[in-house]
Amino acid sequence: MKPNPEQYTATARTAVADPVLQKALAGLQDRFGRGTALAYQQLPEGPDLRHVAHDIRMDAIQHLDSLLDELAGNFRKNGGQVYFAQDAKDAVAYCLKVAQENNVKRVVKGKSMVTEEIRLNDALADAGIEALETDLGEYIIQLANEGPSHLIAPAVHKSKEDVGRLFTEKLGIDYTDDPPSLTRVARKALREKFLAADMGLSGCNLACAETGHITTVSNEGNIRMASTLPRIHMVFMGMERIAARLQDLDILLRLLCRGAAAQKLGTYVSHISGPASPDNLDGPEQLHLVILDNGRSKMLADPDFREMLCCIRCAACLNVCPVYGKIGGHSYGFAYSGPVGAVVTPLLIGINRAADLCQGETLCGACQNACPVNIDLPRMLLLLRAKLADGDEKWQVSRRSSLEKAAYQFWARIMQNRRTYDLAVDAAQLLQRLLPTNRGMLRFLPPPFNGWTKSRDMQPLAAETFAQWWKANQKGDAHGKR
Amino acid sequence: MASADQRAFLHNLRRALTGNAVNAPVPAGDPVDRQAGIYQRPTRVESRGREERLSLLDQVIEESGPINLKVTAHKDIQSVAMGIRRLAVESQPEWGDKKQVAAWNHPLIKALNLPEVLKETGIPVEFPIQTHAGDREKQRQWIFDAYIGITSADFCLADSATLVLKTRAGQDRSVSLVPSIHVAVIRLEQILGSLKELYFILDNDPEQVQEGLTPCLTFITGPSKTADIEATMVHGAHGPREVYLFVVTGE
């Protein structure tokens, strides 16, 4: 899927009008949003453990260079191979090189957002290699030729009838919309693929520098299959996904699983540190780790956005976001959706290009409270908006609207002077009488403010301003009591 | 050791980290106190008495309910062997109609004497011991065709009913993954309180440190599941549909 954050408004409009999606999103947020909050409450250390996790993550990010060095050294010592990829092209080329050297024809994939980010599936298909998604949700959207609409529940936008029709068309089964039957169909089809695959690809939830292993979490078992059965296993890791010490995983994994699905632990957590060896023949013959920058070092270099590298992609913020809950994941136009997408996508692919994403969020703060590592997303959303308002050289942002900037500067001038402010208010009070009303509310504002009243009414200015009221009522009662 | 790609990559990160180190508006976070703070030694793991261990087992049983892990406690291994025999007779293979069992080459599993116990049922048991690559294909195929996989576990975590399995020669990770039914057998003493205890032991116990994590250290918390179609929970997405834990309590 090509990134298309430019289509934000249009896609969002379609999403809001889609009753199936609306029901699915409401259900998802109701279940996971509340479940996660409750799971934090029930932590033995209490919900403040999220702050400790933030410290652990931030500490790791501040030492990213030495920790990645340590990770690579230990991973190689354990028998794996490590490649550092500067960008998407670099990572894709390495994957293709290994695939071609080993005569790989069939690839099975565990769920990995970072491979969505670098559009690996397209590249593999172009090279004539079959790359099959094996997470049930990812499998469904791959059959439907769509992109994921949620980091953890990628097919949340599909009804069971949709899936039934899709499987009938693509897999030639008799129609059913029974989820257990549909799951069995996929289980059988994919089992054969796992057994026949030459290479397994997966992401990496966390890598550990001290031990040189990578950790993956899944409920279905597809990542275990992809990392155990094929003769080559390749892991793609965003460079920030590192834990310094083995014991850091205790807090991070417990919070990750609670944030992602309100679970104490996901069904399967694998700590993979090496390929098969002569005295331990189970597992892949080759194990590769690809560590990806792809724009992340720019976040690292900017203290304003360094905190974003603490993110462990659990999707807890999606499950509480009032905006995501209405517009769904596709509107964000990239691998990452919801509040995390609204910050990460602009930073990865261009702030101007993805301008709508940060402007669309509400700054309500629900995402920070839901975040297992307590990332201050609203702060960064505001900073992105500031860059769009003023332009920014370092991030190559051009000012989004000089007219808007001029209007605010004009407004600031008026606000700063008592007399001009009063005049403006008097004028507005007069002018608003010309506007149509409904039950005391203004139905329409004139351009350029008409966007505001497209889908809501506006409270008119009061007939009497507070200053006027105060003047009239303070007589005889200095404290203003009624 | 470091390759050219690594040197360039890390050089870039070093520049990113040091270029703006001064006046960072984002607090770097409190220093992480690993010594005295968040990773204190868990209380008395080794010196737990029987009562305490039995109450950890109760916790495993309580936690196993919501995740559909089936836990039973047995006085001795004969009783476990009978339980496995009953399960093998009553369960049906998911793929094809051949019944065969793959089991870990592990002292506790060997002690169950399963080939003998299952002999009259006609269900064969194999212990994958791979000494050379030729064996590998044969053993892989046996595991793929098995409907039950029997393993032990290194530990079990009481507060989430999680099995912890290292992988070793003859103790393949696919035995707990590919067959439709996974059976794990452990002793009461292998139950720990929490993930925190586990990582502490892995990090500090001399034997554990000596062995390392092995190529794959796996946590298993109940049977495979998915909720990807309209949030309906279905067991057996890719891994086992059913998981049974037999705990030998002794005495």
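Just so you know, these numbers come straight off a predicted model, no measurement behind them.

S.K.: I'm lost on the overall build of chain A in this one. Help?
M.R.: Across its full length, chain A holds 21 helices and twelve strands. Based on the C-alpha atoms only, the size of chain A along its principal axes is roughly 95 × 55 × 45 Å. Out of the 482 residues belonging to chain A, those deemed buried represent 56%. Restricting the contact set of chain A to residue pairs at least 6 apart, pairs at least 24 apart contribute 72%. Charge separation in chain A, taken as the distance between the mean sites of 57 positive and 54 negative side-chain charges, equals 6 Å.

S.K.: What am I meant to see in the overall build of chain B here?
M.R.: Scanning chain B from terminus to terminus reveals eight helices and twelve strands. Burial analysis of chain B (251 residues in total) assigns 56% to the buried set. Residue pairs at least 24 apart in sequence account for 76% of intrachain contacts in chain B once pairs closer than 6 positions are excluded. Per element, the accessible surface of chain B, about 11,100 Å² overall, is 51% carbon and sulfur.

S.K.: When you look at the domain arrangement of chain A in this model, what are you seeing that I'm missing?
M.R.: When the parts come together, some accessible area is lost, and that loss is often what is quoted as the size of the interface. According to the domain assignment, chain A consists of domain 1 (5–297) and domain 2 (402–473). Each of domain 1 of chain A and domain 2 of chain A was reduced to a C-alpha centroid, and the two centroids are 51 Å apart.

S.K.: Quick question: what am I supposed to make of the pairing of strand β7 (residues 232–238) of chain A here?
M.R.: The side chains of a regular strand alternate between both faces of the sheet. Residues and elements named next belong to chain A. With seven of seven residues buried, β7 lies mostly within the body of the structure. When β7 meets strand β10 (residues 286–292), the two strands line up parallel, connected through seven bridges. Within β10, the position partnered with Ile232 by the bridge is Gln286.

S.K.: What exactly am I supposed to notice about the interface of chain B and chain A here?
M.R.: Contacts between chain B and chain A engage 81 residues on the former and 98 residues on the latter. For the pair chain B and chain A, the summed buried surface comes to about 7,700 Å²; carbon and sulfur atoms form 56% of the total. On the chain B side of the contact with chain A, B:Phe9, B:Ile229 and B:His238 bury the most area, a combined 11% of that side's loss. The interface formed by chain B and chain A holds six salt bridges in total. Note that B:Glu63 is salt-bridged to A:Lys264, the shortest N-O span being 3.0 Å. Looking at the side of chain B that touches chain A, the elements with two or more residues in it are α1 (4–19), α6 (133–145), α7 (195–204), β9 (216–220) and β10 (225–226) of chain B. For the side of chain B that touches chain A, the element with the highest residue contribution is α1(B), accounting for ten residues. Residue composition of the side of chain B that touches chain A, by class: 38 nonpolar, 25 polar and 18 charged. Pairing of strand β9 (residues 268–272) of chain A with β9(B), which is carried by five bridges, proceeds in the antiparallel orientation. Bridging across to β9(B), A:Tyr268 finds its partner in B:Ile220.

S.K.: I'm lost on helix α4 (residues 64–77) of chain A in this one. Help?
M.R.: Residue pairs spaced three or four apart in an α-helix point in one direction, given the helix's 3.6 residues per turn. Here α4(A) contains 14 residues, and its C-alpha end-to-end distance of 20 Å stays within 8% of the 20 Å for a straight helix at 1.5 Å per residue. Residues A:Leu64, A:Asp65, A:Leu67, A:Leu68, A:Leu71, A:Ala72, A:Asn74, A:Phe75 and A:Arg76 constitute the buried set of α4(A).

S.K.: Can you walk me through the pattern of salt bridges in this structure?
M.R.: A pair can form between side chains of opposite charge whenever their charged atoms are brought close. By the definition in use, this model includes 39 salt bridges over all chains. Across the salt bridge formed by A:Lys188 and A:Glu192, the nearest N and O atoms sit 3.8 Å from each other. Of this pair, A:Lys188 and A:Glu192 both sit in helix α10 (residues 179–196), four residues apart, which is roughly one turn of that helix. A salt bridge links B:Glu52 to B:Arg48; the nearest nitrogen and oxygen atoms lie 3.6 Å apart. Here the salt bridges share partners, and the residues they tie into one network are A:Glu117, A:Glu240, A:Arg241, A:Arg296 and A:Arg313.

S.K.: Please clarify how the sheet that holds strand β5 (residues 206–208) of chain A should be interpreted in this entry.
M.R.: What links the strands of a sheet is backbone hydrogen bonding, and the strands pair in either a parallel or an antiparallel sense. Sheet architecture is open: eight strands sit in the order β8(A)-β5(A)-β6(A)-β9(A)-β9(B)-β6(B)-β5(B)-β8(B), paired in mixed fashion. The sheet is open, and its two borders are formed by β8 (242–243) of chain A together with β8 (191–192) of chain B, each paired with just one other strand. By the bridge criterion, five bridges tie strand β6 (residues 213–218) of chain A to β9(A) in an arrangement that is antiparallel. Bridge assignment links A:Ile214 to a residue of β9(A), and that residue is A:Ile272.

S.K.: Got a minute to help me understand the packing of helix α2 (residues 19–41) of chain A against helix α12 (residues 248–261) of chain A in this structure?
M.R.: The axes of two packed helices give the description: the angle between them and the distance between them. All names here are of chain A. The N-to-C vectors of α2 and α12 enclose an angle of 150 degrees; their axes lie 7 Å apart at closest approach. The pairing of α2 with α12 is recorded here as roughly antiparallel in orientation. When α2 is examined against α12, the residues Phe32, Thr36, Ala39 and Tyr40 are found in contact with a partner set consisting of Leu255, Arg258, Gly259, Ala260 and Ala261. Within the contact of α2 with α12, the residues separate by chemical class into six nonpolar, two polar and one charged.

S.K.: Mind showing me how you'd approach the environment of A:Arg57 here?
M.R.: All names here are of chain A. The topology assignment puts Arg57 in helix α3 (residues 49–62). Distance in space between the C-alpha atoms of Arg57 and Ser402 is 39 Å, their sequence separation being 345 residues. Here the side chain of Arg57 touches Ile242 through a polar contact of 2.8 Å, landing on its backbone oxygen.

S.K.: Just checking my understanding: could you explain unusual backbone geometry for this structure?
M.R.: Working note: non-glycine residues mostly have negative phi, and peptide bonds are mostly trans. Residue and element names in this part refer to chain A. With an omega of 10 degrees, the peptide bond between Pro447 and Pro448 qualifies as cis. Here Pro448 lies in the loop between β12 (441–442) and α21 (466–473). Even without being glycine, Asn145 reaches a positive phi, approximately 60 degrees. For Asn145, the position within the fold is in the loop between α8 (136–143) and α9 (160–171). Asn145 sits in the exposed class, given a relative accessible area of 61%. The phi angle at Ala315 is positive, at roughly 80 degrees, despite the residue not being glycine.

S.K.: Would you mind showing me how to read the pairing of strand β6 (residues 162–165) of chain B here?
M.R.: All names here are of chain B. Both faces of β6 are covered, namely the face carrying Thr162 and Val164 and the face carrying Leu163 and Leu165. By the bridge criterion, three bridges tie strand β5 (residues 155–157) to β6 in an arrangement that is antiparallel. By the bridge assignment, Phe155 is partnered in β6 with Val164. The turn linking β5 back onto β6 is made up of four residues, and Ala161 within it adopts a positive phi angle of 55 degrees. Judged from the three bridges that link them, β6 and β9 form a sheet pairing that is antiparallel. Paired with Leu165 across the bridge in β9 is Thr218.

S.K.: When you look at a nonpolar patch on the surface in this model, what are you seeing that I'm missing?
M.R.: All names here are of chain A. A cluster of nonpolar side chains, namely Tyr408, Trp411 and Met415, defines an oily patch on the protein surface of about 370 Å² accessible area. With respect to the element layout, Met415 can be found in helix α19 (residues 402–415). In this structure Met415 comes out as partly exposed when scored by relative accessible area, which is 45%.

S.K.: Looking at this structure, I do not really get the confidence of the model for chain B. What am I missing?
M.R.: Fine structural detail should not be taken from predicted coordinates in areas where pLDDT scores are low. Taken over all residues, the pLDDT of chain B has a mean of 90, while the share at 70 or more is 89%. For this predicted complex, the interface confidence score (ipTM) comes to 0.94, while the overall pTM stands at 0.93.

S.K.: Quick question: what am I supposed to make of the packing of aromatic side chains here?
M.R.: Note on aromatic pairs: each is described by the distance of the centres and the angle between the planes. Residues and elements named next belong to chain A. Applying the stated criterion across every chain yields a total of twelve aromatic pairs over all chains. Centroid distance Tyr83 to Tyr94: 4.4 Å. Interplanar angle 0 degrees. Geometry classified as stacked. Of the two residues, Tyr83 is situated in strand β1 (residues 81–85) and Tyr94 in helix α5 (residues 88–101); the sequence distance between them amounts to eleven residues. Judged by its relative accessible area of 17%, Tyr83 is buried. Its relative accessible area of 9% is what places Tyr94 among the buried residues. Members of the aromatic cluster, each reached through a chain of ring pairs, are Tyr8, Tyr324 and Tyr332. Directly above the ring of Tyr336 sits Arg313, whose terminal nitrogen or CZ lies 4.6 Å from the centroid. In this structure, Arg443 is placed above the aromatic ring of Phe444, and the distance from its NZ or CZ to the ring centre is 4.9 Å.

Criteria and thresholds
Residues numbered from 1 in each chain as written. Chains lettered and ligands numbered in written order. Predicted model: local features only at pLDDT ≥ 70, side-chain atom pairs only at ≥ 80, totals over all residues. Heavy atoms only, no water. Helix = DSSP H or I, 4+ residues; strand = E, 2+ residues; numbered from the N terminus. Buried < 20%, exposed > 50% of the residue type's maximum accessible area, 1.4 Å probe, protein only. Contact = heavy atoms within 4.5 Å. Lys, Arg positive; Asp, Glu negative; His and termini not counted. Charge placed at Lys NZ, Arg CZ, Asp CG, Glu CD. Areas by Shrake-Rupley, 256 points an atom, 1.4 Å probe, with all protein chains shown as cover. Domains from an automatic or database assignment. Pairing = 2+ DSSP bridges. Buried area = accessible area lost by both parts, 1.4 Å probe. Salt bridge = Lys/Arg side-chain N within 4 Å of Asp/Glu carboxyl O. Nonpolar A, V, L, I, M, F, W, Y, C, P; charged D, E, K, R; others polar. Expected span 1.5 Å × (residues − 1). Axes fitted to C-alpha atoms, helices over the stretch in contact; angles between N-to-C directions. Parallel < 35°, antiparallel > 145°, perpendicular 65-115°, else oblique. Polar contact = N/O pair within 3.5 Å; in protein donor to acceptor, adjacent residues only side chain to side chain. Patch = residues over 30% accessible without salt bridge, like charges linked within 9 Å, V, L, I, M, F, W, Y side chains within 5 Å. pLDDT = per-residue confidence, 0-100. Phe/Tyr/Trp six-rings, centres within 6.5 Å; stacked < 30°, edge-to-face > 60°. Lys NZ or Arg CZ within 6 Å of the ring centre and 35° of its normal.

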